[in-house]
Each structure stands twice: as C-alpha cells, then as structure tokens.
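# Descriptive structure summary
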Amino acid sequence: MAAGETQLYAKVSNKHKGRSTPSLLDTLLGMGFPAHTALKALAATGRKTAEEASDWLRCHRNDPSLDDPIPQEYALFLCPTGPLLEKLEEFWKDSKRQCAKNRAHEVFPHITLCDFFTCEDHKVECLYEALKKAGDRILGSFPPTVPLVLYSSISYLGFFVSDSPADVIREFAMMFATEASVLADCTVKPCTKQLHLTLAHKFYPHHQRTLEQLARAIHPSLSCQWTAALYSRDMRFVHYQTLRALFQYKPQNVDELTLSPGDYIFVDPTQQEEASKGWVIGISQRTGCRGFLPENYTEQASESDTWVKHRTYTFSLAMDLISRKDGEASGRRNGELHASQMPRGISSIQALQATIARRSVLVVRHGERVDQIFGKSWLQQCSTPDGKYYRPDLNFPYSLPRRSNGIKDFENDPPLSSCGIFQSRMAGEALLDSGIRVTSVFTSPALRCVQTAKHILEELKLEKKIKIRVEPGIFEWTKWESGKTTPTLMTLDELKEADFNVSTDYRPAFPLASLLPAESYDEYVDRCAVSVQHIISTCPQDVGVILIVSHGSALDSCTRPLLGLPPRDSGDFAQLVRKIPSLGMCFCEENKEEGKWELVNPPVKTLTHGSNSAFNWRNWLVGR
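My aim in this report is to walk through the structure given alongside it, one point at a time. (Residues numbered from 1 in each chain as written. Predicted model: local features only at pLDDT ≥ 70, side-chain atom pairs only at ≥ 80, totals over all residues. Heavy atoms only, no water.)

With that out of the way, let us pick up the nonpolar core. Leu-127, Phe-176, Leu-199 and Trp-226 are the most contacted members of the largest nonpolar core, which totals 58 residues. Once residues within four sequence positions are removed from consideration, Leu-199 is found in contact with Leu-88, Phe-91, Trp-92, Asn-102, Ala-104, Leu-150, Leu-157, Gly-158, Phe-159, Ala-215 and Ile-218. Membership of the second largest hydrophobic core comes to 43 residues, among which are Phe-396, Ala-427, Val-450 and Leu-583. (Core = buried A, V, L, I, M, F, W, Y, C linked by side-chain atoms within 4.5 Å. Buried < 20%, exposed > 50% of the residue type's maximum accessible area, 1.4 Å probe, protein only. Contact = heavy atoms within 4.5 Å.)

See below:
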C-alpha cells in the first residue's frame, strides 16, 4: 500500500475503531482493492454492502476515470410514503400519459431540503451521522402532518408547505447543513425559500387545466410518513441526456459499447459529431466506458433513475429510534402515521384554486386545397364533357359532395386535395396525442375549412359529439376572392347531406348573405373582430379549447382582437399571410387572473413537407 493510500486508510479506519464487525472498507481492502477506488465504489453504490461495491469495481476495471478524484454530489430530500405517495405516483403516470412528459417527471415526488453539494468519498459516512443527529434533534417538534396547499400557474403546478410546519422543516434542513459542515467538512446550502412539492413544471400551457383536474384527486390529508432521504449523483453527467438500454447489444467494433437491458447511458448532445445516423456516443454508467451504441436499442430515462439512495431518516414518534438506519424497512414494520384533517382555511384556498381554469382558442388554417396544386383550371382537368367528376391524379379527392348547381360551384370554393385530407388527419392525430380537450368547433363556410374541421374531429374521436358551427364572419378577405360577387358556398342543408355534422341551431355573427364582395381591409378586420368576440361569448362555460378552422389570414385577424392589439398595416398583413402554411396554427389562452389573453405555443408541432412534381411515364419511352 502506497504512503498516500496508507494515510487515507488510517484516517478512515480510525473512525471505525471500537466496532465489533469489520467495516465495508476493511472488507474491500482485504480483497486487494486500493483504498481510493474502494471508497469511490462505496460512495457510488450507497455504502450498502461490500459485495455491491466489489461488483462495481470489477465492472469499472476499464473505466479511464476510475483513479480520478471526482467526488459524488449529494442532496437531501423530504419524501412522502404510504397512501399519499401512491396517489402522487398515480398522478405522475396519468399526467405523463395525458399531457406528455414535463420536467417534474425527471424526479420522484419530493420536497428539496438541500441543494446538491459535494463530499469527499472518505467523509460520506459523516453525512449519515449528520442526518441522524439533525433528525434526532428535530424529531420531537416535527409536525404530525405536513399541510400542503395546491398552487397553479402557467408553467408550474405543485403543493406549497404552509404555516409553522414549513419553519420546522427548514430548521431541520439548517441543522443538517450545520452538522454536515462540522462532521464532513461540506458546504451545504439549505433551502430557505418556499418549500414545495412539484407536480408539473414547464408544461404546455394548454395542459394546465387537465393537470389541475388530476391534481385535485390528490388529497394532501392522506396518511403519510415523511422521510428525509440522502441521494447522490455523478456530477460529471448533470447536463447529459440519460438513456436506458432496452435490448442486449454485442459490439461489432472495438469502439462500441456493450449493452445489457437496464443499462444507463449518459449522452452529451453537444458531442455527437462523430456519430453516424442512428448512433450516439455515450458513457455507460455500469462500466464507465465510452463508445458508440445504436440509439434504437434505447429509450429516454429520467434524470433521477441513475441517482443512488444512501440513507433515510423517517419522522415517526412511534418508531424505535434504533431502527432508523434502514428507514424504509422501519416504515414497513411500524406502519404509518395518520394525518389529521387539514385546517378549514387551507381547504378553502384549495377550493378557490380548483376553480381556476382557462379557456383557449386554437386558430388553424385549412389543409392543402386542390387548386393550390393544379391551378385555376383544376376543374376543367377533372370534369367530363357532360359535367361529371373524375380523378385524373391521386392528389385529386376521391369524390366531391353533391351541390345544387352541379360541379361548377366548386370553381371558387375548391375542396381539399388528397394531401390536404392527409394533413388534416395528421394534425387531428397530433392534437389527440397532445391531450388537449376541444370543446367546440367553428369554421369558415368555405368547403376546405369545413372538411379540415371534420377530419380533425374524426381523429379526435369527436365527430359524433361536437357539431361544427359554420361562421361566415371568419371567411377569407373577400377582396382576395376572384369575381365581383362572393363565392357560392355550400348551404347547411348541402353540408348535412354530404355527411358533415354541422349545427343548424347556431346563429352566426354574420349571415352568409351579409358578406360584401371586394370589402375593404378595415371592413374585413372589423368583421373578424366581431365574429371572434361572438364566438367567445357563445362559449362562456366551455373551459377547454375552442377550435377555429379558417384561412391563413385568420391566424392574424382572429387573434389580434383577443390579444388587444390593433390591426396590422394592410401591406404587412398581406406579406405575413403569404408565409402561413397549410395547417398553420396560432394558440391563444385566457389569463383570468390578469384579465387578458396571451399568445402561447401551439399544442402540436408544425407540419413541413416538400413538393412532388407530376410525372409522365411517356417521356421515358425509348427513342423519344
């Protein structure tokens, strides 16, 4: 053993003198492992057993960083157990399924007591002693129940710890920080701000209402035994992505990693230039080795999946103090403390917060129209001499609905192309996956808009439940329509006959006959502003998403009135609208607390694709 190793071993072994059983470190040293790597292995495995630590060392025998003096980072959390934890875990699962993953899903339910700090490997047991001392000192005054008050904002949802119990918990965190400083020579920063248990963080704003509904099913008065838990993590990979191996992979080249199901891989997204498509470069947590791996053999893991639990201290007046070394086992032996009913004031606050809900308006441009691809003469391309429709190209729709004046009425009221139908269905499918709750649908009377709304509703599984309300007031700026009269649009009866589930009870802000041909820009924006206000007033209790399917121009003319913004200059307006693609979206959300509407991120990603030119096989005939 080298001089440095001997000195380090002496420092550690002196702390264990007088014990009747050999320490974990003694066992590892007896196996022939150096002191510094043995201590590193114990810190990395939570100092549970010598067997776990020796297995870690054998797996890391080729780890290039094994001898580097890089300590672990530690943090102290207050964690719920029992029925309350079960409800919280149920919320974690349901919120992820219904509203997609947010930052809260990266970590288990907890209240942060101390931020992450470093501790040298040979002083880790002193942290355990600090935890026990702080817990014993505060045990008598620790609250039998921790009052939790639900709080919600546009990007955060969680429980706040209120009143004097929060002061007691902060005092415990301060005691631990002080003891850790004295015993382990660590600089620990205890939490001095509002104590909170995060339920959701940095989520899409349109998911707020759904998350609030799920959170109301969690009753903070549920039986819970609170446990202070000390965790550690590898400080080198704090900003890396974490992947979990799903399948076994045997390397085909020397620069590839071996994967076993359940392995965790740390991946730096900024260092992937060397990786081919479908591959990533990562570092295995199990071996510490770096190499290439097939990305489709893995899935995204949560940040805390790789954290190591060291020791816990469970606050329970009924618990035998000697049994606290294994807090989880003690909890099972001694049962749970039953929390008393929450004070009436807290319940009333929660009831008030439960009423907070938001309305949203999603304005969507229709899908690709057939004349956008085949030009103004599209109708001539698909009409027989006797006026019947046929399909000359796969991007023409399979069929057209019947109209009272025959096929010629489609000339200025074109349908969606086949790709436009596909775009609409894709958007509807994405909206379904996003978890938003559409409560009402309004469309321009243009056929392409009604079709888009129908296909979106079909993908949302709402085509039978929600009727489409046709609002002529959100029709296109008539100056942009060809001809001196407004286009002949399908009547409600024609739409119903064509199997569109339109409402015949809705009274629009502007009847179809009121549309003026070649209206001025001011007339157009005024019409849209009045129509949007009418739509909002028609749905006063519809907490959820009001879907408006209209034209590209509506993404500006139907949202600016809600946001309290004046109309754009007509020239700027025209330039802007030209850039809006099929199924472009704008999403506005009502902020009741501030009495205004806000423009936020749409619930789904944009749809981008390239062009596909017509092809004539005759051009490939030999000799031509």
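Turning next to the packing of helix α13 (residues 418–434) against helix α14 (residues 447–459). It is at 7 Å that the axes of α13 and α14 come closest, and there the two elements cross at 40°. One element, α13, and the other, α14, form an angle in the oblique class. Like other packed secondary-structure pairs, α13 and α14 cross with a definite hand, here right-handed. In this structure, α13 contributes Ile-421, Ser-424, Arg-425, Gly-428, Glu-429, Leu-431 and Leu-432 to the contact, and α14 contributes Thr-452, His-455, Ile-456, Glu-458 and Glu-459. The class makeup of the residues in the contact of α13 with α14 is four nonpolar, four polar and four charged. (Axes fitted to C-alpha atoms, helices over the stretch in contact; angles between N-to-C directions. Helix = DSSP H or I, 4+ residues; strand = E, 2+ residues; numbered from the N terminus. Parallel < 35°, antiparallel > 145°, perpendicular 65-115°, else oblique. Left-handed = near helix turned anticlockwise from the far one by under 90°. Nonpolar A, V, L, I, M, F, W, Y, C, P; charged D, E, K, R; others polar.)

Moving on to the sheet that holds strand β9 (residues 279–284). Strand order in this open sheet of five strands is β10-β9-β8-β7-β11, and the pairing throughout is antiparallel. Each edge of the open sheet is held by one strand with a lone partner, namely β10 (290–294) and β11 (298–300). Going across the sheet, the axis of each strand differs from the next one's by a mean of 45°, ignoring polarity. Two strands pair when backbone bridges link them, and strand β7 (residues 241–245) and β11 are joined in this way by three bridges, in the antiparallel orientation. In the sheet register, Arg-244 faces β11, and the bridge partner there is Glu-299. (Pairing = 2+ DSSP bridges.)

Attention now moves to the packing of aromatic side chains. Counting across every chain of the model gives 31 aromatic pairs. Ring centres of Phe-77 and Phe-108 lie 5.8 Å apart, and the angle between their planes is 85°; this geometry places the pair in the edge-to-face category. Residue Phe-77 is located in strand β1 (residues 72–79), and its partner Phe-108 is located in the loop between α5 (82–99) and β2 (111–119); the two are separated by 31 residues in the primary sequence. On the numbers, 5.5 Å between centres and 80° between planes, the contact of Tyr-249 with Tyr-297 is edge-to-face. Of this pair, Tyr-249 sits in the loop between β7 and β8 (264–267) while Tyr-297 is found in the loop between β10 and β11, placing the two residues 48 residues apart along the sequence. Its relative accessible area of 9% is what places Tyr-249 among the buried residues. Relative accessible area serves as the criterion here: at 27%, Tyr-297 is assigned to the partly exposed category. Cluster of aromatic residues (ring-pair linked, three or more members): Phe-77, Phe-108, Phe-116, Tyr-231 and Trp-307. Above the ring of Phe-116, the side-chain terminus of Arg-233 is found at 3.6 Å from the ring centroid. Its guanidinium or amino end placed over the ring of Phe-410, Arg-403 lies 4.7 Å from that ring's centre, counting from NZ or CZ. (Phe/Tyr/Trp six-rings, centres within 6.5 Å; stacked < 30°, edge-to-face > 60°. Lys NZ or Arg CZ within 6 Å of the ring centre and 35° of its normal.)

Quick look at the sheet that holds strand β16 (residues 545–550) now. The mixed open sheet is built from six strands, whose spatial order is β15-β14-β16-β13-β17-β18. This sheet does not close on itself; its edge strands, each paired only once, are β15 (468–470) and β18 (596–600). Across the sheet, the mean angle separating the axes of adjacent strands is 25° when strand polarity is ignored. In terms of strand pairing, strand β14 (residues 438–443) meets β15 through three bridges, oriented parallel. Residue pairing for β15: Phe-442 is matched across the bridge by Arg-469. The strands touched by helix α16 (residues 521–538) within the sheet are β13 (360–365), β14, β15, β16 and β18, with β16 carrying the most contacts at an inclination of about 145°.

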